[in-house]
Amino acid sequence: MKLYNSLTRKKQEFVPIEEGKIRMYVCGPTVYNFFHIGNARPFLIFDTFRRYMEYRGYEVNYVQNFTDVDDKIIKRAQEEGQDSLEISEKYIEEYFKDADALGIRRATHHPKVTDTIPDIIAYVEKLIEKGNAYVSGGDVYYDTSTFETYGKLSGQSLDDLEAGARIEVNEQKKHPSDFVLWKAKKPGEPSWPSPWGEGRPGWHIECSVMSTKFLGETIDIHAGGQDLIFPHHENEIAQSEAYSDKPFAHYWMHNGYININNEKMSKSKGNFFTVRDILAQYEAEVLRFFILSAQYRNPINFSEELIMQASNALERLYNAKENLLYAMETGGEAPLTVTEIEILSGLRRHKERFIEAMDDDLNTADGISAIFELVRDINTNLQDAPTRTFAENAYKLLMELAGVLGILGREKGGLDAQVESMIAERQEARRNKNFARSDEIRDELKAMGIVLEDTPQGVKWSKVK
């Protein structure tokens, strides 16, 4: 497999530190609100990466943190008159509701900052001892001048960064580019005792500490949105490699942005959508399919038109799934024919194309194309009544590939009992030559988005949008 490494700015063959195992850290949410569609993309993309690597036989130790101490959380708590930890716990619970709906599997570990305070303090103490950090006014800062390769991930030197004013000016810092590791306590804020006085961690230090605690000093892959490259991931590298004198991560993966109707998402523009907002209008699996329909490093545009296209495309895959289930129910018990054996052999080439696409820097867009090509060939060969064994083999292959992407998991539900009842009534009306009632039921089903197909094996139905 080849991955685009943001650190080297090129595709590289993936070689794990330990054969057959992957240590992976993905930056999680700051829990002060429902997560938005921009957050959803890395959560979905790297969940899919994990699924694929497990499909390929790797054991993945997957860590995704919760930032449950932060300025935004404190502000939200003050606005709502609640304790900041109550706010963070509330939105951790809400995160899991939306993540579960999207098919995002739980990480191996979901550490929280508040559970890692002693580890953070010990980590900062070591950076001070090594001369990479200093105390100033009750705060502790990382001294970027002590790390010669600072800027290697973002591709900018310290001089470039300072000239670009992309840094916080603070008289307590030795250098404008230095960043805070520990913040002195302010009135009304949560705090913990430390050698430098009451306070709380800075943002960047938490991920280095949690990654080291659960995965070791050098990991295979660190991932997140491209907005985290600077300053967050840049600062993680500086403090982690100063701490251990080892490479922090061998591969850095960053996904592209999501735009809304070709514009950057912004609350001021009124085009800011949480996943909870979107799930009120669309099925969660449609959003997952939509996000995976583009290669992860490319920008993706969200619009009503495009999400409806994704919904229709996904429904075509569901129709193929239902056709196969129907063929499995109605197919004969005869052994595979010579022709069916040849067809199944040809279908397996689509699996090879799927793997080739996913091995090329997780190209889910081409992976989905391979699944559609598989479905096209399956549909072509379902015209003549297939054997049950043929349908079972084709179904297994389709669901194997769909499962890697986390799609086609929806089962028939309550609507289907109603549909089946109406079909049975229609069949009875036809037997009684009551064609007016038969046509009436067909029209009622059509209004519900259900189309019927009369086949030699019986009546099939499918949903359309």
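Residues numbered from 1 in each chain as written. Predicted model: local features only at pLDDT ≥ 70, side-chain atom pairs only at ≥ 80, totals over all residues. Heavy atoms only, no water.

(A) Here's a closer look at the pattern of salt bridges. Taken as a whole and judged by the stated rule, the model has 30 salt bridges. Of the charged contacts in the structure, one is a salt bridge between R276 and D98, with a shortest N-O distance of 2.8 Å. In this pair, R276 sits in helix α8 (residues 275–279) while D98 sits in helix α3 (residues 84–101), placing the two residues 178 residues apart along the sequence. Overall, the relative accessible area of 28% leaves R276 in the partly exposed class. The exposure class of D98 is buried, given its relative accessible area of 3%. Salt bridges linked by common partners bring D71, K183, E189 and R200 together as one network. (Salt bridge = Lys/Arg side-chain N within 4 Å of Asp/Glu carboxyl O. Helix = DSSP H or I, 4+ residues; strand = E, 2+ residues; numbered from the N terminus. Buried < 20%, exposed > 50% of the residue type's maximum accessible area, 1.4 Å probe, protein only.)

(B) Examining the sheet that holds strand β12 (residues 263–264) more closely. Spatially, the 3 strands line up as an open sheet ordered β12-β11-β13, and their pairing is mixed. Where the open sheet ends on each side, the last strands, each with one partner, are β12 and β13 (300–302). Across 2 bridges, the pairing between strand β11 (residues 258–260) and β12 is antiparallel. Of the residues in β12, the one forming a bridge with N259 is K264. Along the sheet, helix α9 (residues 284–292) contacts β11 and β13; its crossing angle with β13, the most-contacted strand, is approximately 150°. (Pairing = 2+ DSSP bridges. Contact = heavy atoms within 4.5 Å. Axes fitted to C-alpha atoms, helices over the stretch in contact; angles between N-to-C directions.)

(C) Quick look at empty space enclosed by the protein. In this structure the tally under the stated criterion is 2 cavities of 30 Å³ or more. Of the voids in this model, the second largest cavity is the one considered here, and its volume is about 40 Å³. P29, T30, V31, N33, F34, F35, Y91, E94 and Y95 are the residues that line the second largest cavity. Tallied by class, residues from the lining of the second largest cavity come to 6 nonpolar, 2 polar and 1 charged. (1 Å grid on protein atoms, 1.4 Å probe; cavity = no way out; pocket = protein on both sides within 12 Å on 5 of 7 lines; lining within 4 Å. Points joined across faces, edges and corners; volume = space filled by probe spheres on them. Nonpolar A, V, L, I, M, F, W, Y, C, P; charged D, E, K, R; others polar.)

(D) Representation of the sheet that holds strand β4 (residues 59–64) in the model. A sheet is described by the order of its strands in space; here 4 strands give the open sequence β4-β3-β9-β10, paired in parallel fashion. Each of the sheet's edge strands pairs with one partner strand only, and the pair in question is β4 and β10 (249–255). For this sheet the average axis-to-axis angle between neighbouring strands, irrespective of direction, equals 20°. The sheet contact formed by strand β3 (residues 21–26) and β4 spans 6 bridges and is parallel. Along β4, the bridge assignment pairs M24 with Y62.

(E) Just the nonpolar core, in detail. Counting residues in hydrophobic clusters, the biggest one holds 87 residues, and the most contacted among them are M24, I221, L287, F302 and F354. Residue contacts for I221: discarding those within four places in its chain leaves L3, F14, I22, R23, M24, Y25, F49, Y251 and M253. If you look at the next biggest cluster of nonpolar residues, it comprises 37 residues, including F179, W192, W196 and I205. (Core = buried A, V, L, I, M, F, W, Y, C linked by side-chain atoms within 4.5 Å.)

(F) Focus on the side chain of R51. Here R51 shows up in helix α1 (residues 37–55). With a relative accessible area of 16%, R51 lands in the buried category. The residues touching R51, leaving out its near neighbours within four places in the chain, are G103, R105, R288, G403, V404 and G406.

(G) Region of the structure containing the environment of E333. The topology assignment puts E333 in the loop between α10 (304–330) and α11 (338–359). C-alpha of E333 to C-alpha of R388: the two residues are 55 residues apart in sequence and 6.1 Å apart in space.

(H) Representation of the environment of N255 within the structure. Checked against the element boundaries, N255 lands in strand β10. Judged by its relative accessible area of 2%, N255 falls in the buried class. If we ignore the near neighbours within four places in the chain, the residues touching N255 are R41, P42, F46, G224, G225, Q226 and Y296.

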